[in-house]
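Summary of the model geometry
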Amino acid sequence: MEAVSAPVIRELSKHATTGSPDARRWRFFSAIVALIAVIPLLAVIYVAFFPTENIWPHLWSTVLPRYLEATFFLMLGVGLLATFFGVTSAWLVAFYRFPGRKLFSWALLLPFAVPAYVIAYVYTDLLEYSGPVQALLREWFGWRTPRDYWFPQIRSLGGAIIMFSLVLYPYIYLTCRAALMEQSDSLLMASRSLGAGALRTFYRIVLPIIRPALAVGLALVLMETLNDFGTVSFFAVQTLTAGLYDTWLNLGNVGGAAQIAALMVGIALALLYLERASRHKSKSYQSGGRTRPLTPTQLTGKSGYIASAFCFLLVFFGFLVPASVLGYYSIEYFDVTWNSEFFRLAMNSLQLATIAAALLVIVGALLAYSQRIAPSALNKSMARLASVGYAMPGAVLAIGVIVPLGALDNGIDGVARDYFNTSTGLIFSGTIAAIIYAYSARFLAISLGSAESGLGRITPSMDQAARTLGHSSLSILTKVHLPLLSRSMLTAAIIVFVDVLKELPATLILRPFNFETLATYLYQYASDELLEHSALAAMFIVATGIIPVILLNRASTAKQY
């Protein structure tokens with residue numbers, strides 16, 4: 001592209017200066033978005049420190065230690081097991097050739113499409129005393145009562161750890177596989193030349209290299225574990241999330257729930273801090289010359305089949321089993337569940353997901369473009385602040401949304417009573433607007449990250465050329481950048497759409513009266529041991545979740561296997 005003249009560059013710089021009206025407008029927009037996004041967090045902190053009734057001493061002396069202990073061991077177990085699954089599978093796929101490797105390279109991401117609460121319902125249905133597995137064992141061995149044999153209890157802390165690990169390890173697999181595929185073969189050859197075996201090379205060379213990628217994936221796994229309510233509620237694991245619901249909905253104490261929520265936010269922010277600190281402290285460099293691409297080693301005989309079996313078992317238990325069970329129930333009970341009620345639930349879910357995806361794509365693109373057109377440290381900080389909601393569990397966001405919206409509704413109602421002698425009732429609380437607000441605060445980071453990535457690939461000279469033709473910053477965005485960002489923003493829209501479709505904790509609390517989604521319907525029926533009647537809803541959620549899996553695999557695969 002032709003070089004841009006010095007006067008044009010000066011003109012562009014003038015528009016991007018702090019004093020430029022155009023730049024001030026974009027920075028003002030960023031500040032407004034950041035404020036709206038951070039209000040739920042501020043509301044939680046305020047109510048936690050200034051509750052109407054302070055029950056923190058009571059919580060601390062009674063149930064809070066139990067909540068903390070269960071949460072700690074749940075996150076520890078999920079972190080260790082998901083790391084083992086994710087790192088091992090990424091190592092095998094990146095470094096070795098074995099039967100089925102090409103298939104497993106993308107199939108290992110399929111469990112990502114299954115929400116944790118769905119897989120928990122499926123395996124409980126299969127493994128409980130009245131389920132088909134134990135019934136078959138009793139028939140084979142002639143057992144009559146539970147006293148005749150021992151069988152592991154699926155509804156337990158250990159069962160929850162396994163359920164979470166089976167569907168969350170793809171976070172670690174995806175990030176670690178990408179990091180391993182970027183490495184040169186030089187380090188591995190040097191390690192082999194010094195006599196190091198495969199395991200020693202892994203611990204001394206591979207693990208330090210992928211530590212930043214592992215930290216990213218592990219942080220996402222732990223935050224998703226902290227966010228879950230459906231699984232821990234169904235398995236009666238008393239985590240902080242379960243305690244928040246109990247304190248708020250059963251005890252009716254918003255202040256106590258906010259105090260638990262503030263503690264959860266602290267844990268989530270600590271995870272984010274540790275993840276970023278790990279990335280900053282661990283740096284690796286490639287030499288400036290040519291590097292030899294990674295060449296996978298062929299595994300033959302027993303080793304190859306063991307690698308194939310390991311990968312197959314992850315896909316089998318994490319995706320094939322739940323998908324098969326749900327598929328069977330969906331067909332078996334199709335005449336019962338395929339009715340107007342299902343269509344109503346599907347339309348409710350699709351409506352929420354579509355509105356949230358469209359809104360977040362627009363806001364994310366504008367927020368990312370604001371950093372480009374009016375760059376400054378403050379503007380960048382506003383964007384980061386707007387993304388903090390991703391670290392907030394859905395139950396925490398529910399409190400953070402309902403408290404300020406409730407205060408706003410009461411204020412409007414008070415004014416209407418004083419001046420117009422009428423009551424406005426609830427305008428925002430208990431409406432779709434409240435749910436969309438919660439979704440927007442939680443998932444804005446996805447659309448913002450996608451827009452920033454897309455804009456980073458567009459050369460600034462295109463902005464400069466458009467300026468010379470007299471276009472304003474908004475005109476440049478609509479006529480130049482948005483067409484080039486279409487693929488990135490479509491990907492972000494699909495991911496947000498599916499995340500909203502699967503979201504349970506915030507939806508369960510904030511949904512309007514007599515308003516159900518596929519996720520809340522599934523939770524209620526499965527909790528009543530009626531999985532077969534909600535299997536079609538679960539199958540719809542799982543099938544839709546496969547779409548972002550395909551997109552993520554395409555985006556992360558830099559070379560053909």
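Before reading on, note that the structure itself is shown above.
Residues numbered from 1 in each chain as written. Predicted model: local features only at pLDDT ≥ 70, side-chain atom pairs only at ≥ 80, totals over all residues. Heavy atoms only, no water.

Another point: the packing of helix α17 (residues 377-386) against helix α19 (residues 432-456). In contact at an axis separation of 9 Å, α17 and α19 are set at 140° when each is read in the N-to-C sense. Considering the angle they form, α17 stands oblique to α19. For the pair α17 and α19, contact is made by Ala383, Arg384 and Ala386 and by Leu444, Leu448 and Glu452, respectively. Partitioning the contact of α17 with α19 into residue classes produces 4 nonpolar, no polar and 2 charged. (Axes fitted to C-alpha atoms, helices over the stretch in contact; angles between N-to-C directions. Helix = DSSP H or I, 4+ residues; strand = E, 2+ residues; numbered from the N terminus. Parallel < 35°, antiparallel > 145°, perpendicular 65-115°, else oblique. Contact = heavy atoms within 4.5 Å. Nonpolar A, V, L, I, M, F, W, Y, C, P; charged D, E, K, R; others polar.)

Among the residues making up α17, those that are buried are Asn379, Met382, Ala383 and Ala386. When α17 is viewed along its axis, its buried side chains cluster within an angular range of 95° and face the same direction. The outward face of α17, more than 90 degrees from its buried face, is lined by the exposed residues Ala377, Leu378 and Lys380. (Buried < 20%, exposed > 50% of the residue type's maximum accessible area, 1.4 Å probe, protein only. Arc of directions from axis to C-beta.)

Applying the stated criterion across every chain, the model contains 27 aromatic pairs. Taking the centre distance of 3.7 Å and the plane angle of 15° together, the rings of Phe229 and Tyr245 count as stacked. A residue pair is termed long-range when its members are at least 10 positions apart, and Phe229 in the loop between α10 (198-227) and α11 (230-234) and Tyr245 in helix α12 (residues 240-250) qualify at 16 residues. The exposure classification of Phe229 matches that of Tyr245, with both residues buried. A network of ring pairs unites the aromatic residues Phe334, Trp338, Phe342, Phe343 and Phe540 as a single cluster. Across the ring face of Phe112, the terminal group of Lys502 is positioned such that the distance to the ring centre comes to 5.2 Å. (Phe/Tyr/Trp six-rings, centres within 6.5 Å; stacked < 30°, edge-to-face > 60°. Lys NZ or Arg CZ within 6 Å of the ring centre and 35° of its normal.)

There is a patch of nonpolar side chains on the surface, built from Phe72, Phe73, Leu76, Leu80 and Leu157 and spanning about 470 Å² of accessible area. No other element matches the 4 residues that helix α4 (residues 64-95) contributes to the nonpolar patch. In this fold, Leu157 is placed in helix α8 (residues 157-181). (Patch = residues over 30% accessible without salt bridge, like charges linked within 9 Å, V, L, I, M, F, W, Y side chains within 5 Å. Areas by Shrake-Rupley, 256 points an atom, 1.4 Å probe, with all protein chains shown as cover. Salt bridge = Lys/Arg side-chain N within 4 Å of Asp/Glu carboxyl O.)

What follows concerns the pattern of salt bridges. Taken as a whole and assessed by the stated rule, the structure comprises 6 salt bridges. Residues Glu452 and Arg384 are paired through a salt bridge, measuring 3.1 Å at the closest nitrogen-oxygen approach. Of this pair, Glu452 sits in helix α19 while Arg384 sits in helix α17; the two residues are 68 residues apart in sequence, bridging distant segments of the chain. Using a relative accessible area of 26% as the deciding quantity, one classes Glu452 as partly exposed.

The biggest cluster of nonpolar side chains holds 176 residues, and the ones touching the most others in it are Phe98, Leu108, Leu244 and Leu522. For this core, the element with the most residues is α8, which contributes 16 residues. With sequence-adjacent residues up to four places away left out, Leu108 is seen in contact with Ser89, Val93, Tyr169, Pro170, Tyr173, Cys311, Leu314 and Val315. (Core = buried A, V, L, I, M, F, W, Y, C linked by side-chain atoms within 4.5 Å.)

You will see that Ala236, though not glycine, has its phi angle at about 60°, which is positive. With respect to the helices and strands, Ala236 occurs in the loop between α11 and α12. Judged by relative accessible area, Ala236 falls into the exposed class, the value being 64%. Residue Glu529 is not a glycine yet carries a positive backbone phi of 65°. Summarising the element assignment, Glu529 is placed in the loop between α23 (518-527) and α24 (531-556). A residue is classified by how much of its surface remains accessible, and Glu529, at 37% relative accessible area, is partly exposed.

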